[in-house]
Amino acid sequence: MEEQVDAGRTKTIGLSNFNIRQINRIRASARIQPSCLQVELHAHLQQKGACPVLSSKQDCGSGILASRVSSFQQVPNKPAKLPDLLHDPVITRIAEKHKRSAAQILLRYLLQKDIVVIPKSVTPNRIKENIDVFNFTLDEDDEKAVGDLDKGDTARIFGSYMMKG
């Protein structure tokens, strides 16, 4: 990947689903340091202890940004044991309190944790709604309530069951 940066084909190098040991191995040997770590991250899988990148204001000692996959936990054919975050009673209660959608609460929570969020939608109303998350904040009680939804690795939705063959 460093050759691709040198050739001008990309500006930065990112990592996906690396743990702290793997990140440190890359950092020790890379001439060009990674700038982003993309991981599965949502209210049920917050990965608080998995890597300081996800909990220390965009910094793992080298300025690696954390980026999320699946903020809303919406995945086709997901295991039935995982509840739908958009209809979680805690999330809907906070949404009603702020007069926002559940999706906006989930996005705002991650943004307040300094996680880069790139929501996906093709619906114009949802795209507008996804952008309209910068004019309110969640208070400490809201953040704690969403933080308490963490179920750890049991809430992982991107796993081997998705790989056919």
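It should be noted that the structure appears before, not after, this text.
Below, the structure is looked at part by part. These numbers come from a predicted model, not from an experiment. (Residues numbered from 1 in each chain as written. Predicted model: local features only at pLDDT ≥ 70, side-chain atom pairs only at ≥ 80, totals over all residues. Heavy atoms only, no water.)

What to know about the side chain of Arg-108
Logical step 1: On the secondary structure map, Arg-108 appears in helix 4 (residues 102-112).
Logical step 2: Among residues more than four places away in sequence, those in contact with Arg-108 are Val-133, Phe-134, Phe-136, Thr-137 and Leu-138. (Helix = DSSP H or I, 4+ residues; strand = E, 2+ residues; numbered from the N terminus. Contact = heavy atoms within 4.5 Å.)

Re the nonpolar core
Logical step 1: With 24 residues, the main nonpolar core has Ala-43, Ile-91, Ile-94, Ile-105, Leu-110, Leu-138 and Val-146 as its most contacted residues.
Logical step 2: Residue assignment for this core shows that the elements contributing at least two residues are strand 2 (36-40), helix 3 (89-98), helix 4 and helix 6 (140-147).
Logical step 3: Broken down by element, the residue count for this core peaks at 6 residues, all from helix 4.
Logical step 4: Once you skip the residues sitting within four places of it in the chain, Ala-43 turns out to touch Leu-85, Leu-106, Val-146, Leu-149 and Asp-150. (Core = buried A, V, L, I, M, F, W, Y, C linked by side-chain atoms within 4.5 Å. Buried < 20%, exposed > 50% of the residue type's maximum accessible area, 1.4 Å probe, protein only.)

Let's talk about the pattern of salt bridges
Pairing of side chains with opposite charge becomes possible as their charged atoms draw close.
Logical step 1: Summed over the entire model, instances satisfying the criterion amount to 6 salt bridges.
Logical step 2: Asp-142 is the salt-bridge partner of Lys-97, the closest N and O atoms lying 2.9 Å from each other. You can see Lys-97 sitting in helix 3 and its partner Asp-142 sitting in helix 6, a full 45 residues away along the chain.
Logical step 3: Residue Lys-97 is classed as partly exposed on the basis of its relative accessible area, which comes to 45%.
Logical step 4: Residue Asp-132 is joined to Arg-100 by a salt bridge in which the shortest nitrogen-to-oxygen separation is 3.4 Å. With Asp-132 in the loop between helix 5 (124-131) and helix 6 and Arg-100 in the loop between helix 3 and helix 4, this pair connects stretches of sequence that are 32 residues apart.
Logical step 5: Members of the salt-bridge network, linked through shared partners, are Lys-97, Asp-139 and Asp-142. (Salt bridge = Lys/Arg side-chain N within 4 Å of Asp/Glu carboxyl O.)

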